[in-house]
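Each chain is listed here by its residues.
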Amino acid sequence: MYKVGVIGPHSSVERIIQIGKEYEQTMEFVAYPYRDFHETESIVREHNQDVDVWLFSGQISYMTAMKALNSEEKLVYIEHTESDIYKSLLHMGYYQNEFLNRVSIDEITTSHLEQALRQIDIEPKEMYIKTFDINSSTQELIDFHLELWKSGKTKGAITCFEAVYLGLKEAGVPTYRISTTDMEIRQALRILAERTRTFYYKDTQIGVQIIEMENFDKITEKAKSSYHLQYFEMKVKETLLRYCENLDGSLMEKGNGRYVIFSSRGAIERELRVLQETIAQLAEESDHSVAVGIGYGVTVHSAEINAQRAIQLSKERAEHGIVIVQEDGTMIQSAGEEEELRYSYRFDDKELIEKLKDVKISVKNYHKVAALIRRMNWNDFTIKDLAAHLYWDERNARRFMVSLCEVDLAEYAGEEAFSTRGRPSKRYRLK
């Protein structure tokens, strides 16, 4: 059973958990209500290890959590639709005989409101709109509505926040809240159920990690005696066992600074940050870099083969880092870091494969470059750009691009506009 943390104002959390009882056979819902959406950051930081996935009552708390965790993998939010806006407008029209007239509204984006109004083909009169983001405060929104109402410009307010709703009600402002419908909650729960099935699939996949200390022979030479070397190896093993305990995995020592850990894909991905900290600690203690290759597969054999590919790639790279090879052939360099790069070493485009063979370029390197260009959002680039980001020698990077141009997979795109010395650098783009 998967544990779902529900974040939102008290009333929303209660409704979500009530409707979520339909899924009580597969998911356990835990309430994490807040008074102000800014509390989301402290909630997810403190309790992230206590739940398998987070469900948010709205997009603003989801965005706050995504920024705090620097990931969206465990996050799902209930998406508001036009029906939420229509519901609040109908309430205002019924109770105040005012429909889209002399009203203040706060929204996360004006496009959402504009789309809703466009569909009912009604032109609003004297409507005041304030957009908000994760840096907005509850008091700021209350003041916006309150000043308009006190000056007589509005007859009521519509808000997305329970705290703003309660604050305005206390001040005597006729206020109506944009809140999710049961249908939207059920739709989010269906998405959540699919997400948990994905977690299950990952947990059933085998994950093999190979951790290798670079230049272990030099570490051996530096050891004052065989006892000092054994003490060092025991310390390394202790560090890895602590990490292994988080994974509920098993550790095997292969000798010469190489270790293998068997676990599940789900556990490895959940503890990727702990692995990064562990590797940093080992590198500091040994004063040598550490290469890490992770392989996923349906069987232990296929996962080990992928892990071998991954460790080889990690050792080839100047800065090493964590490399992952998934069962579908996707390679991930610098996994878990800001410069993470995803590409595939499998490809079925025969024409492209033949062109790359003609100029002796590997499919893997071609996809690596294509993935870098996508991640950096480059329209064109220089040889220096390519070499710096992929840690290639400039001569090899130049040969690579010239070869691609020869088989019409890349093209010359001009020269650097500003150049200090020598000839201007050429700019290229992939076709």
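Notes on the structure in this doc start here. (Residues numbered from 1 in each chain as written. Predicted model: local features only at pLDDT ≥ 70, side-chain atom pairs only at ≥ 80, totals over all residues. Heavy atoms only, no water.)

### Looking at the pattern of salt bridges
Okay, so step 1: In this structure the tally under the stated criterion is 17 salt bridges.
Okay, so step 2: Arginine 242 is the salt-bridge partner of glutamate 238, the closest N and O atoms lying 2.6 Å from each other. With glutamate 238 and arginine 242 both in helix 10 (residues 226-247), this residue pair falls four residues apart, about one helical turn.
Okay, so step 3: With its nearest N and O atoms 3.2 Å apart, the salt bridge here joins arginine 265 to glutamate 327. One end of the pair, arginine 265, is in helix 11 (residues 265-270); the other, glutamate 327, is in the loop between strand 13 (321-325) and strand 14 (330-333), with 62 residues separating them in the sequence.
Okay, so step 4: The exposure class of glutamate 327 is partly exposed, given its relative accessible area of 24%.
Okay, so step 5: Sharing partners across several salt bridges, the network here consists of Asp380, Glu411, Arg427 and Arg429. (Salt bridge = Lys/Arg side-chain N within 4 Å of Asp/Glu carboxyl O. Helix = DSSP H or I, 4+ residues; strand = E, 2+ residues; numbered from the N terminus. Buried < 20%, exposed > 50% of the residue type's maximum accessible area, 1.4 Å probe, protein only.)

### Remarks on the pairing of strand 3 (residues 53-56)
Okay, so step 1: Here strand 3 shows no split at all, with Val53 and Leu55 on one side and Trp54 and Phe56 on the other all buried.
Okay, so step 2: In terms of strand pairing, strand 1 (residues 2-9) meets strand 3 through four bridges, oriented parallel. The residue bridging valine 4 from the neighbouring strand is valine 53, located in strand 3.
Okay, so step 3: Bridge count between strand 3 and strand 4 (residues 75-77): three bridges; the pairing is parallel. Across the sheet, the residue bridging to phenylalanine 56 is tyrosine 77, located in strand 4. (Pairing = 2+ DSSP bridges.)

### Let's talk about the sheet that holds strand 14
Okay, so step 1: Taken together, the seven strands give an open sheet; going across it, the order is 10-11-9-12-13-14-15, and neighbouring strands pair in mixed fashion. Only two strands of the sheet have a single neighbouring strand rather than two, namely strand 10 (250-255) and strand 15 (341-344). Strand-to-strand twist of the sheet, defined as the mean angle between neighbouring strand axes without regard to direction, takes the value 15°.
Okay, so step 2: As paired elements, strand 13 and strand 14 share two bridges and run antiparallel to each other. Among the inter-strand pairings, isoleucine 324 is bridged to a residue of strand 14, identified as isoleucine 332.
Okay, so step 3: Helix 13 (residues 300-316) contacts strand 9 (206-213), strand 11 (258-264), strand 12 (290-297), strand 13, strand 14 and strand 15 of the sheet and is inclined by roughly 150° relative to strand 12.
Okay, so step 4: Each of strand 14 and strand 15 touches helix 15 (residues 363-376); the most contacted strand, strand 15, lies at about 140° to it. (Axes fitted to C-alpha atoms, helices over the stretch in contact; angles between N-to-C directions. Contact = heavy atoms within 4.5 Å.)

### Quick look at the nonpolar core
Okay, so step 1: Counting residues in hydrophobic clusters, the biggest one holds 39 residues, and the most contacted among them are Ile7, Val44, Trp54, Phe56, Ile158 and Phe161.
Okay, so step 2: Those residues in contact with isoleucine 7, other than ones at most four positions away along the chain, are Val13, Tyr32, Tyr34, Thr40, Ile43, Val44, Trp54, Leu55, Phe56 and Ser57.
Okay, so step 3: One finds Met331, Val359, Leu372 and Met401 within the second-largest nonpolar core, a separate group that totals 33 residues. (Core = buried A, V, L, I, M, F, W, Y, C linked by side-chain atoms within 4.5 Å.)

### Description of the packing of aromatic side chains
Okay, so step 1: The final tally for this structure, using the stated rule, is eight aromatic pairs.
Okay, so step 2: By the ring-pair criterion, three or more aromatic residues cluster together here, those being Phe37, Phe132 and Phe161.
Okay, so step 3: If you follow lysine 426 out to its NZ or CZ, it ends over the ring of tyrosine 412, 5.6 Å from the centre. (Phe/Tyr/Trp six-rings, centres within 6.5 Å; stacked < 30°, edge-to-face > 60°. Lys NZ or Arg CZ within 6 Å of the ring centre and 35° of its normal.)

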